[in-house]
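Each chain is listed here by its residues.
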Amino acid sequence: MAQTLYDKLWHSHVVHEEADGTVLLYIDRHLVHEVTSPQAFEGLKLAGRKPWRISSIVATADHNTPTDHWDEGIKDPISRQQVETLDANIREVGALAYFPFKDQRQGIVHVVGPENGATLPGMTVVCGDSHTSTHGAFACLAHGIGTSEVEHVMATQTLTAKKSKAMLVRVDGQLGRGVTAKDIALAVIGRIGTAGGTGYAIEFGGAAIRALSMEGRMTLCNMAIEAGARAGMVAVDQITIDYLQGRPFSPKGEVWDQAVAHWRTLVSDEGASFDAVVELDAGSIAPQVTWGTSPEMVVTVADRVPDPANETDPTRKSGMERALAYMGLQANTPISEIPVDKVFIGSCTNSRIEDLRAAAAVARGHKKAANVKAVLVVPGSGLVKAQAEAEGLDKVFVEAGFEWREPGCSMCLAMNADRLEPGERCASTSNRNFEGRQGQGGRTHLVSPEMAAAAAIAGHFVDVRTFA
Amino acid sequence: MQAFTTLQGLVCPLDRANVDTDAIIPKQFLKSIKRSGFGPNLFDEWRYLDHGEPGMDNSKRAVNPDFVLNHPRYQGAQVLLARENFGCGSSREHAPWALDDHGFRVVIAPSFADIFFNNCYKNGLLPIVLPTEVVDQLFQETAASEGYRLTVDLAAQTVTTPSGASFGFDVTAHRKHCLLNGLDEIGLTLNHADKIKAFEAQRRVQQPWLFS
Ligand code: SF4
């Protein structure tokens with residue numbers, strides 16, 4: 001029978017199945033960071049258990065690490081304790097690779113895995129972090145888990161899980177100039193809602209997805225979780241294989257050929273059936289800007305802030321009213337008239353080299369607007385940072401008045417010192433615009449790197465397609 | 001893990017859709033390396049008027065009297081009644097830890113975010129999905145009568161109102177078994193250690209690149 005990519009990934013990892021369909025799923029790659037692992041390591045120790053397969057673990061510190069003054073270490077004592085706890089745990093337990101604070105290859109866990117070839121097609125990849133869906137770009141079954149599950153995976157190399165339904169999001173046609181994978185992601189969420197993918201694993205397919213680079217596919221799969229999906233994934237093609245060749249943990253020599261032959265089978269079979277199909281035309285997607293406190297509250301840059309008066313569902317209506325009040329916005333305001341106080345270019349959604357190149361291309365030769373207090377550019381990893389500097393992108397940013405920082409999660413969730421003050425409005429390339437996400441009282445508008453850079457220069461949102 | 005069998009609990013209504021994990025427990029509290037003590041910071045940004053940081057004496061902070069968790073009539077509630085897509089956002093298990101630490105044992109909503117839903121079961125917290133109309137009705141009844149309690153019976157998979165109306169809910173046999181008996185899931189899984197080893201050995205032969 002014709003199988004979906006998800007079917008193939010699922011079935012090839014089932015170790016044991018219970019009568020009610022609960023299975024033990026074998027886990028190939030376990031990514032670990034400092035925030036969701038300490039209680040798991042402690043639990044393991046208290047129960048006197050040993051990790052099952054140390055070589056499955058790749059760890060890094062990212063959420064709490066500062067993005068400037070690295071010479072001064074981590075000033076916040078509680079953050080420092082968490083990072084040091086990870087250091088100690090990995091020292092004791094071991095790992096295939098550990099990229100601690102200040103390491104050349106340290107960075108956001110979802111940037112670090114793929115760029116080191118630690119994320120390979122056909123793997124199950126888990127991490128105590130919801131944006132683990134990012135790794136699905138490599139035809140992996142990748143999803144976030146809680147801390148109890150982190151401990152479960154460490155102790156047993158498996159997870160108990162139930163199969164999700166399969167959804168195909170097919171994006172055909174061609175993206176217009178200035179329109180990116182981020183805009184596809186936001187347009188999909190705008191269409192199906194933040195709960196639209198609940199209970200599903202989403203495969204992204206169609207001509208517009210095939211045309212995306214691996215960076216773009218990662219951006220898209222990263223946001224699958226914001227659509228409520230358990231996982232997002234893209235089938236293997238030549239772009240996947242080319243990306244992986246020569247990465248530190250990618251197979252080499254004869255094994256590489258063997259691996260590639262297997263990877264090429266990681267596609268949905270002709271005629272495989274999905275439980276749901278959503279279709280979009282890439283050509284009709286315009287640059288997206290969120291206006292509210294949920295990623296589904298999104299419109300195009302040419303639109304106006306929606307009016308709750310037009311909403312009939314009472315829960316949705318009150319949600320819109322609450323969002324507008326929190327965001328300090330009036331209904332019907334043109335998006336392009338909303339001024340921004342800060343800009344954040346970074347996060348596991350948009351901090352890869354391609355994102356930085358795109359932002360730099362917009363910023364080149366311009367200066368940030370006077371009303372914009374700060375523009376933070378935070379590369380996703382030390383390797384991205386080095387690459388960007390080799391290309392001179394850091395200079396472009398600095399000349400434009402942007403701040404060039406050290407890698408980490410930074411203002412995506414504001415666990416370190418990078419955050420919004422109450423009432424500040426931010427154009428952000430991250431993935432969540434929840435209340436308080438970037439700092440208590442902070443107001444987040446999600447956009448692509450191009451749109452963020454353009455907003456920094458104009459001082460308000462502006463259509464990057466017509467921005468010169 | 002603590003077992004869950006039956007509960008007759010006071011209901012606290014949280015009438016908002018898409019309540020995310022950042023709202024349930026703001027990130028500054030994720031810096032803790034412990035599993036307990038998150039209860040006083042549950043819904044911190046809605047519950048207090050000032051900005052909360054770890055290590056503060058929460059008993060000295062100004063509470064927001066309008067937030068439902070602070071209403072005298074809902075003190076001691078064990079059942080949280082919520083709207084759709086509850087628990088969306090991050091995978092942080094600190095969210096169910098905070099709910100549990102505050103005293104909640106059950107969350108009822110028309111739908112939950114997937115990872116949060118999973119995390120609840122690992123902590124003896126029972127997430128129950130009921131149809132939107134039923135949840136609407138429960139919101140109305142909770143508002144109408146002070147001291148409104150629901151009876152939750154996991155073995156029978158029912159939620160029963162004070163007037164005797166009863167609603168069934170779904171739970172997988174595996175989860176039900178673990179929760180009813182308070183079982184350590186890792187121990188259960190390790191009963192299959194031989195199968196895991198055999199699977200792994202075969203995989204090592206077939207896809208050696210996964211093991212380097
Ligand atoms: S960049 Fe943001 S979303 Fe990504 S892992 Fe870090 S905190 Fe989470």
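This is a predicted model, so every value here is computed, not measured.

What counts, and at which threshold
Counting from 1, residues in each chain are numbered in the order their sequence is written. As a convention, the first chain written is A and the first ligand written is 1, with the rest following in written order. For this predicted model, a pLDDT threshold of at least 70 governs which residues receive local features, and a threshold of 80 or more governs which side-chain atom pairs are given and counted, while totals over whole chains, interfaces and linings are taken from all residues. Excluded from the side-chain calculations are hydrogens and water; all other atoms, namely the structure's heavy atoms, are used. Put simply, DSSP marks the helices as runs of H or I at least four residues long and the strands as runs of E at least two long, and each gets a number from the N terminus on. Accessible surface area values rest on a Shrake-Rupley calculation with a 1.4 Å probe, where residue burial reflects the displayed protein chains alone. Positive charges come from Lys and Arg, negative ones from Asp and Glu, while His and the chain ends are left out of the count. A charged residue contributes its charge at one atom only: NZ of Lys, CZ of Arg, CG of Asp or CD of Glu. UniProt positions are given in the numbering used here, feature names are shortened, and annotations may be inferred rather than shown by experiment. Throughout, exposure labels follow a simple rule: accessible area from a 1.4 Å probe, protein chains only, divided by the maximum for the residue type, with under 20% read as buried, over 50% as exposed, and the rest as partly exposed. Here, residues are in contact when the closest pair of their heavy atoms is within 4.5 Å. Throughout this description, the term salt bridge denotes a Lys or Arg side-chain nitrogen within 4 Å of a carboxyl oxygen of Asp or Glu. Residues belong to a common nonpolar core when they are buried Ala, Val, Leu, Ile, Met, Phe, Trp, Tyr or Cys residues joined through side-chain atoms within 4.5 Å. If DSSP finds at least two bridges between two strands, the strands pair. Here the axes come from fitting lines to C-alpha atoms, over the contacting stretch only for helices, and the angles between their N-to-C directions go from 0 to 180 degrees. What counts as buried area is the accessible surface, traced by a 1.4 Å probe, that two parts surrender upon association, with contributions from both included. Polar contacts, as used here, are pairs of N or O atoms within 3.5 Å; protein pairs need one atom able to donate a hydrogen and one able to accept it. Residues neighboring in sequence count only if both atoms are side-chain atoms. Note that Gly is not counted as nonpolar here; it falls among the polar residues with everything else outside the nonpolar set of Ala, Val, Leu, Ile, Met, Phe, Trp, Tyr, Cys and Pro and the charged set of Asp, Glu, Lys and Arg. Paired rings are identified among Phe, Tyr and Trp, the last through its six-membered ring, by centres lying within 6.5 Å, and are further divided according to the angle between planes into stacked (under 30 degrees), edge-to-face (over 60) and tilted (the rest). We call a pair of cysteine sulfur atoms a disulfide when they lie within 2.5 Å.

Remarks on the overall build of chain B
Working step 1: A tally of helices and strands in chain B yields 8 helices and 7 strands.
Working step 2: Total accessible area on chain B is roughly 8200 Å²; 51% of this is exposed by carbon and sulfur atoms.
Working step 3: Put simply, chain B has 20 plus and 24 minus side-chain charges, and the middle of one group is 6 Å from the middle of the other.

Considerations on the UniProt feature "binding site: [4Fe-4S] cluster" (unreviewed entry) in chain A
Residue and element names in this part refer to chain A.
Working step 1: Listed under "binding site: [4Fe-4S] cluster" (unreviewed entry) in the UniProt record, and renumbered for this structure, are Cys348, Cys409 and Cys412. Spanning 65 residues, the named residues nonetheless gather at one spot, since no C-alpha pair among them exceeds 8.6 Å.
Working step 2: Looking at the element boundaries, cysteine 409 is found in the loop between strand 17 (403–404) and strand 18 (425–428).
Working step 3: Among the residues examined, cysteine 409 registers a relative accessible area of 6% and is labelled buried.
Working step 4: Tracing the sequence through the fold places cysteine 412 in the loop between strand 17 and strand 18.
Working step 5: Setting aside anything within four residues of it in sequence, one finds cysteine 412 in contact with Phe344, Ser347, Ser430, Asn431, Arg437 and Gln438.

A word on the pattern of salt bridges
Working step 1: Per the counting criterion, the structure on display carries 34 salt bridges over all chains.
Working step 2: With its nearest N and O atoms 2.7 Å apart, the salt bridge here joins glutamate 424 of chain A to lysine 373 of chain A. You can see glutamate 424 of chain A sitting in the loop between strand 17 and strand 18 and its partner lysine 373 of chain A sitting in the loop between helix 12 (353–363) and strand 16 (374–377), a full 51 residues away along the chain.
Working step 3: For glutamate 424 of chain A, a relative accessible area of 7% corresponds to the buried category.
Working step 4: Among the ionic pairs, aspartate 50 of chain B bridges to arginine 61 of chain B, the shortest N-O distance being 2.9 Å. One end of the pair, aspartate 50 of chain B, is in the loop between helix 2 (44–47) and strand 2 (79–81); the other, arginine 61 of chain B, is in the loop between helix 2 and strand 2, with 11 residues separating them in the sequence.

Describing the UniProt feature "domain: Aconitase A/isopropylmalate dehydratase small subunit swivel" (unreviewed entry) in chain B
Working step 1: UniProt tags residues 1–132 of chain B as "domain: Aconitase A/isopropylmalate dehydratase small subunit swivel" (unreviewed entry).
Working step 2: Counting secondary structure, residues 1–132 of chain B comes out at 20% helix and 14% strand; the distance between its end C-alpha atoms is 30 Å.

A word on the nonpolar core
Among soluble globular proteins, nonpolar side chains are generally buried collectively.
Working step 1: Counting 111 residues, the largest nonpolar core has Trp291 of chain A together with Phe43, Phe86, Leu99, Ile108, Leu126 and Leu130 of chain B as the members making the most contacts within it.
Working step 2: It is helix 15 (residues 449–458) of chain A that contributes the most residues to this core, 7 residues altogether.
Working step 3: If near-sequence neighbours (up to four positions away) are discounted, leucine 126 of chain B is found in contact with Phe4, Arg105, Val106, Val107, Tyr121, Val152, Leu154, Phe169 and Leu179 of chain B.
Working step 4: Counting residues in each nonpolar core, the second largest holds 84 residues, with Tyr6, Val23 and Ala142 of chain A together with Phe211 of chain B among its members.

Concerning the sheet that holds strand 8 (residues 158–161) of chain A
Residues and elements named next belong to chain A.
Working step 1: Spatially, 3 strands are ordered 1-2-8 in an open sheet, and the strand pairing comes out antiparallel. Every interior strand has two partners, whereas the edge strands, strand 1 (14–17) and strand 8, have only one. Taken pair by pair, the neighbouring strands of this sheet meet at an average axis angle of 25°, ignoring direction.
Working step 2: Pairing of strand 1 with strand 2 (residues 23–26) involves 3 bridges; the strand directions are antiparallel. Each residue of the ladder has a partner; that of valine 14, found in strand 2, is leucine 25.

Describing the sheet that holds strand 16 of chain A
All names here are of chain A.
Working step 1: Read across the open sheet, the 5 strands follow the order 17-16-15-18-19; overall the sheet is parallel. Of all strands in the sheet, those bounded by a partner on one side alone are strand 17 and strand 19 (443–446).
Working step 2: Pairing of strand 15 (residues 342–345) with strand 18, which is carried by 3 bridges, proceeds in the parallel orientation. The residue of strand 18 that forms the bridge with lysine 342 is cysteine 426.

Some points on the interface of chain B and chain A
Working step 1: Listed per partner, the contact involves 61 residues of chain B and 73 residues of chain A.
Working step 2: Carbon and sulfur atoms supply 55% of the area that chain B and chain A bury against each other, a total of about 5600 Å² over both sides.
Working step 3: There are 8 salt bridges connecting chain B and chain A.
Working step 4: Across the pair glutamate 149 of chain A and lysine 122 of chain B runs a salt bridge whose closest N-O atoms are separated by 3.9 Å.
Working step 5: Our count for the contact surface shared by chain B and chain A stands at 35 residue pairs in polar contact (both at pLDDT 80 or more).
Working step 6: Those elements that place two or more of their residues in the side of chain B that touches chain A are helix 2, helix 3 (94–102), helix 4 (114–121), helix 6 (173–181), helix 7 (185–190) and helix 8 (193–206) of chain B.
Working step 7: Among the elements that take part in the side of chain B that touches chain A, helix 8 of chain B stands out by supplying 9 residues, more than any other.
Working step 8: Taken together, the residues of the side of chain B that touches chain A sort by class into 19 nonpolar, 19 polar and 23 charged.

Brief notes about the packing of aromatic side chains
Residue and element names in this part refer to chain B.
Working step 1: Across all of its chains, the model carries 17 aromatic pairs over all chains by this definition.
Working step 2: Plain terms: the ring middles of phenylalanine 117 and tyrosine 121 are 5.4 Å apart, the flat faces sit at 85° to each other, and that makes the pair edge-to-face. A residue pair is termed a helical-turn pair when its members lie 3 or 4 positions apart in one helix, as phenylalanine 117 and tyrosine 121 do in helix 4 at 4 residues. Comparing phenylalanine 117 with tyrosine 121, the two get one shared label, buried.
Working step 3: What links up through ring pairs into an aromatic cluster is the set Phe86, Phe112, Phe116, Phe117 and Tyr121.

A short note on the state of the cysteines
Chemically, a disulfide is nothing more than a covalent bond linking the sulfur atoms of two cysteines.
Residue and element names in this part refer to chain B.
Working step 1: Going through the model one piece at a time under the given rule, you end up with 0 disulfides over all chains.
Working step 2: Cysteine 12 forms no disulfide, and the closest cysteine sulfur to it belongs to cysteine 120, at a distance of 16 Å.
Working step 3: For cysteine 12, a relative accessible area of 0% translates into the label buried.

Quick look at the pairing of strand 4 (residues 126–129) of chain B
Working step 1: Both strand 3 (residues 106–109) of chain B and strand 4 of chain B contribute to a ladder of 4 bridges, which runs parallel. If you follow valine 107 of chain B over to strand 4 of chain B, its bridge partner there is proline 127 of chain B.

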